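# A look at the structure
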Amino acid sequence: MRLPPRHTPFLALAVGGLLVAGAMAQPAVAVATDSVSATVSDPRPAPPKVTSSEALREAKESIAGHPRAARASAQDTFTSGAVQIDKDGSSHVRLNRQYQGLPVVGGDVIVHSAPDGELRNTTLSLAAPLSVSTKAKVGSASALATAKKLFKGRLASTSVKLSVDALSATPRLVWHVETNGIAPDQSPNELNVLVDAVTGKVVRDWNGFHTAEGTGRGYQVGGVGVSTTPISGGYELKDPLRGNGETRDAQNRTIPDTDDIPAGWGQAFTDTDNAWGDGTLTNRATVAVDAHYGIQQTWDYFKNVHGRNGIRNDGAGARSFVHWGVDYANAGWSDKDFAMIYGDGEPGSKPFTQLDVAGHEMAHGVTSATANLNYSGESGGLNEATSDIFGTLVEFNTANAADAPDYLIGEKIDINGDGTPLRYMDKPSKDGRGSQDCWTTGTKNLDPHYSSGPGNHFFYLLAVGSGQSSWGNSPTCNGSTVTGIGNAAAGKIWYRALTTYMTSGTTYAQARTATIKAATDLYGATSAQCTAVEKAWGGVSVAATATTCGGTTPPTGGNLLVNPGFESGASGWTAASGVITNRADGAPYAGSYYAYLNGRGTTRTDTLSQSVTVPSTALAPKLSFYLRITTAETGATAYDTLKAQVVSGTTTTTLATYSNTTPSNYTLRTLDLSAFKGKTVTIKFLGAEDSSLSTSFLIDNTSVTTG
């Protein structure tokens, strides 16, 4: 907990709306013009100004004192990550987890602390403390051989390290194999492969080099200004205003047989009169202007809109290489090399240098430096969607007449040869390549370029709204109407969610939670912006979670139930086989586990129960839970039912009955337990299904509270 200074003045001066750095500052108090104001004091303790090192120390202390909040065990240690401090002194600290000294893929946690240093909550993907054997049955050499089979191109270097994969449904010991080299299409190939250290099977793989897919042709940005550096005899295409970011000529080569691009590699662009390019492709500096302009505009967007000082927020500019490879028809960003590359395209075509492509690729760097969304599963789709979102926002922020802003991705590349874009945000499926408009349980199985669809669609609905507009026609997946809140608010919400609440394993459900929290922070829980976030997620079929714009319900304080969200499996519950699950053909309301009753289409009875004592002093005891009903039945006859019951001694009381006649998404149900004050009872759910069409009853986030 942060302590105030020994002597705390009641009044302090503010400069430009920000407290002066240095000694621990106090809140500014406006001084009125009358004489009374000079004697007015504020009796409240002032929030101290916290440093990054203090916030980091307190975050580690919070985890040590509250290990359950981080799903931590005595075998876990945590190392430093990024620190973000809000204006009010609240802090958000990212920590990376090691389990018995091994790095944990998907084990990162964000610790959110109040201005006084007290723990508020945490954000993480891990559902329960790790309990994994660290004894490998498969050797590193075998894992490396397996990974090499997946590598395509010219291999330059490899590394193998024993790790824990926490992104799988069941955490496991893996070999994390990194293979680096050049892909057959001349792209850098940074293939990461997780190999099960017990079975030797590949768990997942992803490429650390992110590209804009396809065989584009690029375009020109027209007459623009570029920032350069004076040198002896002229100028160099290096930007002193943006961290000395520079654009260089790859001279139609790729990186040598090494795993990085050496400092000074390629050739600097220099000029005697500071006039670059002539709009033709015979002048090698023409596409350098495009690339350099893209870096500038991306930097300016993140700096001016979000206060971010460069891709890593450290003031360092990136390198950009044009004329990469021979007839290379792609562009990409490498975290490892902190660089952009652009190819010249297929013979006769234009280079792959479009403004939203530059913004897209460099946004991968921002993601890597913040949430570090793993490039597989749903987090991979969110990674790609984030780049599409910020690439689009860079385009709008720039408002270049040669590339009118829109919600199309790579529209000037002409990747399909017919003038159509790479991706559409208003209705992603229009690409004809498999992008999804709506989230499904199969989203996680798609390539990230296609599983990005629900994220892109969400952002379009949030910014523009549903239905027909000058930007496109965007139907919702649930038939609802969404009113957009504009790019400015939508972009700020996504940026805060990414940098403050998303972790490496964030799913779409967790992204919904993250954006609601971000909207609440920025605009308030009852704001139109927060409500729009909820509606936009509903519009792409991402179901509600426990976090809503009205707050988090059902209440967790004083919850008398054990393991109310089933995240510890069956602990505390008695249930029929298979009821408590994380199966993919259903969906939790929050977290990973939930209760799935019936849904077989055959005669079946499922039960779920837990014993609880209702205090005699309870003012208004209640049973609350979220219930989702899906059914293949039709009509008004209740063929399949779910009963919420209380068993007290030999008496069973049915509080409510639900059936196939009222299908619904997750809805909070609250039932009165006043009749059971002072008694130890069993809360029971009884699901009964007949022999024909199926009905499933999904239950999550249960609670018994005293009122």
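One structure accompanies this document, and this report is about it. (Residues numbered from 1 in each chain as written. Predicted model: local features only at pLDDT ≥ 70, side-chain atom pairs only at ≥ 80, totals over all residues. Heavy atoms only, no water.)

### Topic: the overall build of the chain
Within the chain, the secondary structure is distributed over ten helices and 37 strands. Relative to its 707 residues, the chain shows a buried fraction of 52%. Taking all contacts inside the chain whose residues are at least 6 apart in sequence as the whole, residues at least 24 apart take part in 65%. (Helix = DSSP H or I, 4+ residues; strand = E, 2+ residues; numbered from the N terminus. Buried < 20%, exposed > 50% of the residue type's maximum accessible area, 1.4 Å probe, protein only. Contact = heavy atoms within 4.5 Å.)

### Considerations on the packing of aromatic side chains
Tallying each qualifying case throughout the model produces 22 aromatic pairs. For the pair F625 and F685, a centre-to-centre distance of 5.0 Å together with 75 degrees between the ring planes defines the contact as edge-to-face. Taken as a pair, F625 in strand β32 (residues 622-631) and F685 in strand β36 (residues 680-689) lie far apart in primary sequence, 60 residues in all. For F685, a relative accessible area of 0% corresponds to the buried category. By way of ring pairs, the aromatic residues Y301, F302, F390 and Y495 are connected into one cluster. Stacked on the ring of F338, the Lys or Arg R312 has its end atom at 3.9 Å from the ring centre. (Phe/Tyr/Trp six-rings, centres within 6.5 Å; stacked < 30°, edge-to-face > 60°. Lys NZ or Arg CZ within 6 Å of the ring centre and 35° of its normal.)

### Description of the pattern of salt bridges
Taken as a whole and judged by the stated rule, the model has 21 salt bridges. A salt bridge links R242 to D300, with the nearest nitrogen and oxygen atoms 2.8 Å apart. Remark: D300 occurs in helix α3 (residues 285-306) and R242 occurs in the loop between β15 (238-239) and β16 (245-249); sequence separation between them is 58 residues. A residue is classified by how much of its surface remains accessible, and R242, at 11% relative accessible area, is buried. (Salt bridge = Lys/Arg side-chain N within 4 Å of Asp/Glu carboxyl O.)

### Some remarks on the packing of α3 against helix α5 (residues 377-398)
Angle between the axes and distance between the axes are the two parameters that describe a pair of packed helices. The geometry of α3 relative to α5 is characterised by a closest axis approach of 9 Å and an angle of 90 degrees between their N-to-C directions. On the basis of the axis angle, α3 is roughly perpendicular to α5. The segment α3 lies against α5, with Y293, Q297, T298, Y301, F302, V305 and H306 engaging F390, L393, V394, N397 and T398. Looking at the contact of α3 with α5, its residues break down into seven nonpolar, five polar and no charged. (Axes fitted to C-alpha atoms, helices over the stretch in contact; angles between N-to-C directions. Parallel < 35°, antiparallel > 145°, perpendicular 65-115°, else oblique. Nonpolar A, V, L, I, M, F, W, Y, C, P; charged D, E, K, R; others polar.)

### Comments concerning the state of the cysteines
Inspection of the entire model under this criterion finds two disulfides. Note on cysteine connectivity: C438 is disulfide-linked to C477, with sulfurs 1.9 Å apart. Torsion about the S-S bond of the C438 and C477 cystine: about -95 degrees, corresponding to left-handed handedness. With C438 in the loop between β23 (423-424) and α6 (448-451) and C477 in the loop between β25 (472-474) and α8 (487-501), the pair connects residues that are 39 residues apart, well separated along the chain. Shown here is the disulfide that connects C530 with C549, its sulfur atoms set 2.1 Å apart. Between C530 and C549 the sulfur-sulfur dihedral comes to about -95 degrees; the bridge is accordingly left-handed. Taken together, the residues span a long stretch of sequence, with C530 in helix α10 (residues 528-538) and C549 in the loop between β26 (547-548) and β27 (551-552) at a distance of 19 residues. (Disulfide = S-S within 2.5 Å.)

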